[in-house]
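Spelled out from the first residue to the last, the chains are:
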Amino acid sequence: MKMVVAIIKPFKIDDVRDALVAAGVEGMTVTEAHGHGRQKGHTEIYRGAEYKATFLPKMRIEAVIQDELVAKAIEAIKGAASSDKIGDGKIFVLPVEEAVRIRTGETGLTAL
Amino acid sequence: MKMVVAIIKPFKIDDVRDALVAAGVEGMTVTEAHGHGRQKGHTEIYRGAEYKATFLPKMRIEAVIQDELVAKAIEAIKGAASSDKIGDGKIFVLPVEEAVRIRTGETGLTAL
Amino acid sequence: MKMVVAIIKPFKIDDVRDALVAAGVEGMTVTEAHGHGRQKGHTEIYRGAEYKATFLPKMRIEAVIQDELVAKAIEAIKGAASSDKIGDGKIFVLPVEEAVRIRTGETGLTAL
Amino acid sequence: MTRRFQVDLKHAMAAVAAVAILATVSVAPSATAQSNTAVPAAASSTSTAPATPAATPAPAATAPAANSNAAPNSGDTAWMLSSVALVLLMTIPGLALFYGGMVRRKNVIATVAQSFAITCVVTVVWYVCSYSIAFGTNPDPGQNQYWGGLGNVMLKSVTMDKPFAIAGSAVTIPEYVYMMFQMTFAIITPALICGAFAERMKFTALLLFMTLWSIFVYAPIAHWVWGGGFLGAKIGVLDFAGGTVVHINAGVAGLVCALVMGKRKGLGHDNMAPNNLVYTMIGASLLWVGWFGFNAGSATAANALAGAAMANTQIATAAAALAWMVAEWVVSKKPTMLGLASGAVAGLVAVTPASGFVNPNGAFIIGIAAGVGCYLGAVFLKRAFKYDDSLDAFGVHGIGGFIGAILTGVFADAAINSAGKVHSALTQFYGCVGTILWSGVVTFLILMVCKYTTGLRVSEEAEQEGLDMAIHGEALHET
Amino acid sequence: MTRRFQVDLKHAMAAVAAVAILATVSVAPSATAQSNTAVPAAASSTSTAPATPAATPAPAATAPAANSNAAPNSGDTAWMLSSVALVLLMTIPGLALFYGGMVRRKNVIATVAQSFAITCVVTVVWYVCSYSIAFGTNPDPGQNQYWGGLGNVMLKSVTMDKPFAIAGSAVTIPEYVYMMFQMTFAIITPALICGAFAERMKFTALLLFMTLWSIFVYAPIAHWVWGGGFLGAKIGVLDFAGGTVVHINAGVAGLVCALVMGKRKGLGHDNMAPNNLVYTMIGASLLWVGWFGFNAGSATAANALAGAAMANTQIATAAAALAWMVAEWVVSKKPTMLGLASGAVAGLVAVTPASGFVNPNGAFIIGIAAGVGCYLGAVFLKRAFKYDDSLDAFGVHGIGGFIGAILTGVFADAAINSAGKVHSALTQFYGCVGTILWSGVVTFLILMVCKYTTGLRVSEEAEQEGLDMAIHGEALHET
Amino acid sequence: MTRRFQVDLKHAMAAVAAVAILATVSVAPSATAQSNTAVPAAASSTSTAPATPAATPAPAATAPAANSNAAPNSGDTAWMLSSVALVLLMTIPGLALFYGGMVRRKNVIATVAQSFAITCVVTVVWYVCSYSIAFGTNPDPGQNQYWGGLGNVMLKSVTMDKPFAIAGSAVTIPEYVYMMFQMTFAIITPALICGAFAERMKFTALLLFMTLWSIFVYAPIAHWVWGGGFLGAKIGVLDFAGGTVVHINAGVAGLVCALVMGKRKGLGHDNMAPNNLVYTMIGASLLWVGWFGFNAGSATAANALAGAAMANTQIATAAAALAWMVAEWVVSKKPTMLGLASGAVAGLVAVTPASGFVNPNGAFIIGIAAGVGCYLGAVFLKRAFKYDDSLDAFGVHGIGGFIGAILTGVFADAAINSAGKVHSALTQFYGCVGTILWSGVVTFLILMVCKYTTGLRVSEEAEQEGLDMAIHGEALHET
Ligand SMILES: Nc1ncnc2c1ncn2[C@@H]1O[C@H](COP(=O)(O)OP(=O)(O)O)[C@@H](O)[C@H]1O
Ligand SMILES: Nc1ncnc2c1ncn2[C@@H]1O[C@H](COP(=O)(O)OP(=O)(O)O)[C@@H](O)[C@H]1O
Ligand SMILES: Nc1ncnc2c1ncn2[C@@H]1O[C@H](COP(=O)(O)OP(=O)(O)O)[C@@H](O)[C@H]1O
């Protein structure tokens, strides 16, 4: 099992979810995040005081999936999250050793 | 060391914390999240426009613990987070290679 | 590649970002979090009803970096996030198997 | 789910129908015919004949008045039109925000919707029948001790030019304005009760309860004290702006609701911290500002009595806010915004019956007493008796109203209002008892009606999920 | 980016200059000279000579009046000063919050900034020329049918003591107060339009559009109906407080804007749920409270007619809120806070032309009709014709205004206002048609002017990023 | 922690005690006896004898008045009752939200609590002694140049029917109403200062500071200008509604506070972006609406002068908001909501002394000057001199007040107010200097008293954690 973590632009969230579901990913968890990277932020100016937003709003999706699905999931995210502009985000893949469904106690792939 | 990530229903957060503490987990970090899965969301209707909430509010707990505690922690979470309804959530276990306590610089298990 | 996860006090976020950038970390993603640990929270009292805040506001930084940078990143975080008070937080290091830049499709270290 | 709400809707409609029928049935206890003699006194505040304040009638109070044929005065009318706006501001958005800020985030919309919906429901009920019951003059003088009859349903006897008197006391404003002023009181009183059963009542139950309560509890009591009934004219209870009719009444009803409906799930275990004290601060501020219409407006004239009522309101409120803050500071070690806001409302409540009778020193003392008294009530009484008066409707309005009613009997000063020359804490106490009994008993009966028709509480899941989503299908999307 | 906004700024300044020039050009169609004879009627509400309400003129309405030389009355003036404050409260913060709560979070600041900026722009335009166009008396009586001329630019003919009449009808308040009261109407009308093009208009376009619209659409129509022009005096359209001038006008302009500007990107796909219904509730409440100044203030006196207008306003609003709520409950299975708020505004809109002409029963029926009618309009009409009237400026103000205007002709009751003795739904209809045509055509032309100077819509990226950051460089930092 | 706050509490109580003692000690400099002759002039605005506006006294201004025995007028009283409500609305919730929206999220509750607590404290202080000091008539005419004495402590000489005059000028409203109107001014003035030391002052220090400031700075200056003291009656400074007494005074006190207290930790490094500009927009709007009570209310009558003051207020405010917006647009490339709101407040401030003296063209120019001037002050002056006037109490109120005071001397128009016939920028300047000196010096002394009793600033940790939790133990739970 792998955990796929994707950092994407917030307005892409619905598209990415649909793409992941279409690719066979049934569950995922999303958190609001702020990202720092190449993409430059705006400057807010309040009565002359400037605040440069070096952190920009992002969404962080995390989905634990079986190993075979990883490539397909990455493709799905790439397809849906890309706007060809700097700041579209990243995908990371981490190993997962165990998964448990709280309701039933099922473990492993059946828990996903 | 392992990182135990649990996605649970928000109103269970206090119970789960208490259960984890009782099981010997001393530290944990929580973020607000939204989940997509089997559980179906409500529909909000504003002047006829329908918005189906496919993401539902969840809490994401993450605790890094020593390997021996993993089974006990999973049991604790299962016990406290279960409401026997769809959407109770998941537990994932990921490997962790190092831990550092910022204040003291301690590393490894003593840092937890 | 490793994912460095740091839990820090919220007001240290700008310093830690600057230190990481100085250490050569180019991208990172931040989420608001709440932490439970040794540090004790305040008690809020509303018309006599007491609510003990066992979760305290924290920031969770996550940065995926090449293996060689890990030690330097940890030092940078320690240096910037420490206030020598309980609750300064933790750093965890997790293995990462793959990274993808959504915009270009680059993978591996070049994706970071 | 869908099914359940359709049922609820049917209940709601049945309730409305029921009201229409009930409204045509006489609810007055028969009483011996005893005429409510109007004792003449001085009148209006025209520019040519400036009123001697000491002799100015407080028609909204219980003073007998002389000239039952006063012409409308444009200055008085101007102030009363403004007062209507001010008192409506107290409920929407004032009270809605005061309560909305104190609940948990998942119940904010539902809580503000309660105040808003009650405003709408009571407006219609008032127009249909409650104004008639409260301020009509029952042709049978015996019955008139208890209710105003149905002679003015649909406001059918309100005219543009009819010389106009209430309880035998002439008013210098057109009846439409008076009717509107009183309507705003009829709106806020039931809305106050919501604090007692916050975060758990069904919306259908709320609509039915408030409809019935407005007709069978508020309207009769308003008639007794202000409309020519036995409490005002005969017994001589001093209640300038509604300490008894509004606050004790709402407070007691709230207590009964809290007892009957039981505690919120998770009370004492879950974190129930207020979601947004800025909303509560806005609410308290608008209550404060709007209360000038409530209290100074109860002079029904733009004169020195209105000015004195305004000054007393301000002084008592500030004193009560500081008193609550200091009491909490001593006990809990922190001065809080919620304490300041709660104390201010406690002061407003307590000074209500007194505002047109006492002098500033009296108001100051009443404020201090209310701030400390309500703090103790909200914190300790509730804990001791283990009921869940969630946002302290009884703790603030019941207790504050009682303190104010009694102390009005102590501090009334004839130099401010000659109508307060005869005053006694005991008479005041009798007035409270009458209200407490009627309000308590009839509230209980109405709750039973709701219980067996609409049901009272939402399901456990709905309570857990939050009323915003469960009842209204709406949510705050602040992030 | 920087470059683009500098260009925008230049446009904005050019726009302001353009206005100054345009304002000096006569825009009135030439018409045959036909004097607007003032028919005498009763006057003021002094304390010594109480007005017979049935004969009281409603100068803001279309009633001819007698005495064109009335002395200012301090009571009437007091109420009108308060009314100015109440009506301004409707726009800032009322309408700003009503709309601000309904958009997405990334557009909240930009949305409230629209109401605030419009308040500022229209104030200046009104002082510079619109008051003169709307309420001046054109020396050429033929032209006076269509516009008031430029004799009062910069308020140069407003004096402290000049006896003062509007459309031949004397008013009992100083002209400065009358000018201010009418200014608040001129402010809210264009601000209402913003609901139609929310979340996508350029700020420079907004400033230019509102300046021109205020001069070329609002001011002339106000003159036609209230300022002595052909719609009021000659045709006899009954419009007590602005159903036609304000609401149909703004609603139609909104529809044209929605059609010309096109839909928001992502409509029907993205989640566009309102960000904060508490803001919307506050906004609706302040609109409600402030509307007392709007409607009861339109009596321009503190008298029984003001009282009746206030009562009608309250009853229609409550009825409409409940009607919308029930309609939505039946259709969508949930009673919503947004429905209550929307229904209330629909009721306020519909009762506006009627408030000083109908009796409470008429108001009640108008409220029910508006609640149901606007619900259908906002939900089904929009869907059927596929335009993006984002926050239902047309759905609520256009439809509600039309319902109210027609039903005023049905329910006008001479016992409330003798000026409404002659009434006909048909005449009302003619009044609507005139307004609809002028408003529709000129709004379109102004949009074209904006399109080819400032441009109308923000860029796609700006729309996606949100107007708060893209236009204003500001953001909410609530967490 | 607990311990520390107990100590703070003790300090607070000691402070209150100190005040009581100090209040009984004469603070007036002895001066040669020189009677303050009241020059007769015209009076009230009754309906039978309409005031010639040009001759109407502006008792709140410095015009000498004739008839010291006017009967209360119900219309004037109605407007003044409404004005009290409007001006209180400016502070709570207006100013509370204006400031509350601009601070960081962790200090929101503490910031709104400051305005609310000051409202309570000043109310009590005003009732106890400040009203007497400001508006009492000192039996010793020499002392009366400087303070009103203690003859009216606890409002003991305020009666219901006493004919009533201020500074020899009769007022047509009851004294209770006048006392309340002036109280609302006394409340907002110290509350304005909070902008200068936001996010860092101890709550105990705040309570002590505001108590002393209210007595020793505000009350005497109010007496000098309005209460019969040397600045109004003798020197002839024109200050219609409080440019000097309220705004310059508060602005200068704010500057002294900012200098003495030092900068916020992290200034220039941490992100200090406003947390919620919607709150700030609501606040600015309520300040605007409430300011009608402030300025038009300062006519103390419902007459043409009130109307003109209202019109001037509106026009200057709109002009200033647009001017600030454009200035910022040119400099920083974006038009901002905060700029619109700040500019509006700058305009309100600047037009305050002028509102009852200038004509609309004068008001328009004053608005433009204030918008640009305060923008420069808030942005560049602060930066140049490196003080942390956090929310620009000095930048807006000090500078705006100064601009307004001087330009009143330039633009006063006798056609609006005959009392402004003699006017000179120089006299105005003298008035400012007197206020600046007294306010600056005594504010500094009071800060020193606080520094050595309660301490001034919270601890570094408390500042970092946020005042909401550290001082009040409360937090916003919006998510
Ligand atoms: N090394 C990293 N670790 C974690 N998150 C990262 C990393 N690099 C980038 N991100 C996240 O991805 C977002 C996009 O990265 P950025 O460099 O701006 O653009 P791009 O994805 O086009 O290279 C960042 O805002 C940040 O949230
Ligand atoms: N594969 C997954 N990866 C990450 N999170 C998941 C995954 N599957 C489910 N979740 C999280 O768990 C929550 C509950 O899952 P759901 O399928 O609704 O019910 P259940 O836990 O009863 O199977 C989801 O809302 C989501 O937040
Ligand atoms: N085992 C853990 N797993 C995950 N997060 C942890 C763990 N222990 C501590 N934390 C996080 O680190 C924060 C600080 O820890 P705490 O024990 O309070 O102080 P310190 O870092 O000084 O030891 C906690 O609030 C929590 O967010």
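Note that the coordinates shown come from a computational prediction; the quantities given were computed from them, not determined experimentally. (Residues numbered from 1 in each chain as written. Chains lettered and ligands numbered in written order. Predicted model: local features only at pLDDT ≥ 70, side-chain atom pairs only at ≥ 80, totals over all residues. Heavy atoms only, no water.)

Caption draft 1: Representation of the overall build of chain D within the structure. Check the secondary structure of chain D and you find 16 helices and 2 strands. The buried share of chain D, taken over its 479 residues, is 71%. Here chain D has roughly 12,200 Å² of accessible surface; of this, 66% comes from carbon and sulfur atoms. (Helix = DSSP H or I, 4+ residues; strand = E, 2+ residues; numbered from the N terminus. Buried < 20%, exposed > 50% of the residue type's maximum accessible area, 1.4 Å probe, protein only. Areas by Shrake-Rupley, 256 points an atom, 1.4 Å probe, with all protein chains shown as cover.)

Caption draft 2: View of the pattern of salt bridges. Taken as a whole, this structure holds 54 salt bridges over all chains when the rule is applied. Its salt-bridge partner being R200 of chain D, residue D388 of chain D comes within 3.9 Å of it at the nearest N-O pair. Here D388 of chain D, found in the loop between α12 (360–385) and α13 (393–411), pairs with R200 of chain D, found in the loop between α5 (175–193) and α6 (203–225); they are 188 residues apart in sequence, far enough to count as distant. In terms of burial, D388 of chain D and R200 of chain D fall into one category: buried. The salt bridge involving K382 of chain F is made with D392 of chain F; its shortest N-O contact spans 3.0 Å. (Salt bridge = Lys/Arg side-chain N within 4 Å of Asp/Glu carboxyl O.)

Caption draft 3: How the structure looks around the site of ligand 2. Around ligand 2, the structure places 21 residues, and the nearest of them are T29, V64 and R103 of chain A together with R38 and G87 of chain B. Close to ligand 2, residues of chains A and B are found. Contact distances for ligand 2 include 3.1 Å between an oxygen atom and a side-chain N or O atom of R101 of chain A. A distance of 2.8 Å separates an oxygen atom of ligand 2 from a polar side-chain atom of R103 of chain A. When the free accessible area of ligand 2 is taken as 540 Å², the share hidden by the protein chains comes to 98%. Those elements that place two or more of their residues in the shell around ligand 2 are β2 (28–36) and β5 (56–65) of chain A together with β2 (28–36) and β6 (90–95) of chain B. (Near = heavy atom within 4 Å. Polar contact = N/O pair within 3.5 Å; in protein donor to acceptor, adjacent residues only side chain to side chain.)

Caption draft 4: Structural detail: the interface of chain E and chain F. Between chain E and chain F, the contact holds 64 residues from the first and 65 residues from the second. In total, chain E and chain F occlude about 5,000 Å² of area from one another, counting both sides; carbon and sulfur atoms represent 77% of this. If you sort the residues of chain E by the area they bury against chain F, L81, F116 and M160 of chain E come out on top, with a joint share of 14%. For the pair chain E and chain F, the number of links is 0 salt bridges. Counting across the chain E and chain F interface gives 12 residue pairs in polar contact (both at pLDDT 80 or more). Mapped onto the side of chain E that touches chain F, the elements with two or more residues apiece are α1 (2–23), α2 (74–100), α3 (108–135), α5 (175–193), α6 (203–225) and α16 (467–472) of chain E. When residues in the side of chain E that touches chain F are grouped by element, the largest group, 14 residues, is from α2 of chain E. Each residue belonging to the side of chain E that touches chain F can be placed in one class, and the counts come to 44 nonpolar, 17 polar and 3 charged. (Contact = heavy atoms within 4.5 Å. Buried area = accessible area lost by both parts, 1.4 Å probe. Nonpolar A, V, L, I, M, F, W, Y, C, P; charged D, E, K, R; others polar.)

Caption draft 5: A nonpolar patch on the surface, seen in detail. Residue and element names in this part refer to chain D. Together, I235, F402, L426, F429, Y430, V433, I436 and L437 make up an exposed nonpolar region whose accessible area comes to about 690 Å². By residue number, the principal contributor to the nonpolar patch is helix α14 (residues 425–451), which donates 6 residues. Mapped onto the secondary structure, L426 falls in helix α14. (Patch = residues over 30% accessible without salt bridge, like charges linked within 9 Å, V, L, I, M, F, W, Y side chains within 5 Å.)

Caption draft 6: Examining the site of ligand 3 more closely. If you check the shell around ligand 3, you find 21 residues, and the closest are T29, R101 and R103 of chain B together with R38 and G87 of chain C. In this structure ligand 3 sits where residues from chains B and C come together. Take M28 of chain B: an N or O atom from its main chain is 3.5 Å from an oxygen atom of ligand 3. For ligand 3, an oxygen atom lies 3.5 Å from a polar atom in the backbone of H36 of chain C. The fraction of the free accessible surface of ligand 3 (540 Å²) that becomes covered by protein chains is 99%. Those elements giving two or more residues to the shell around ligand 3 turn out to be β2 and β5 (56–65) of chain B together with β2 (28–36) and β6 (90–95) of chain C. Sorting elements by how many residues they give to the shell around ligand 3 places β5 of chain B first, with 3 residues.

Caption draft 7: Region of the structure containing the pairing of β2 of chain C. Within β2 of chain C, 7 of the 9 residues are buried, leaving the element largely enclosed by the surrounding structure. Examined bridge by bridge, β2 of chain A and β2 of chain C share 3 bridges and lie antiparallel to one another. Note that in β2 of chain C the partner of G35 of chain A across the bridge is T29 of chain C. Here 7 bridges tie β2 of chain C to strand β5 (residues 56–65) of chain C, and the two strands are oriented antiparallel to one another. Of the residues in β5 of chain C, the one forming a bridge with T31 of chain C is R60 of chain C. (Pairing = 2+ DSSP bridges.)

Caption draft 8: Fine view of unusual backbone geometry. A cis amide bond links I92 of chain E to the next residue, P93 of chain E, at an omega of 5°. For P93 of chain E, the position within the fold is in helix α2. Within the chain, T300 of chain D stands out as a residue other than glycine whose phi angle is a positive 45°. Position of T300 of chain D relative to the elements: it lies in the loop between α9 (277–295) and α10 (304–332). On the basis of relative accessibility, which here comes to 2%, the residue T300 of chain D falls in the buried class. A positive phi angle is found at K333 of chain F, which is not glycine, with a value near 75°. Turning to its location among the elements, K333 of chain F is positioned in the loop between α10 (304–332) and α11 (337–351).

Treat this as a map of the structure, not an account of what it does.
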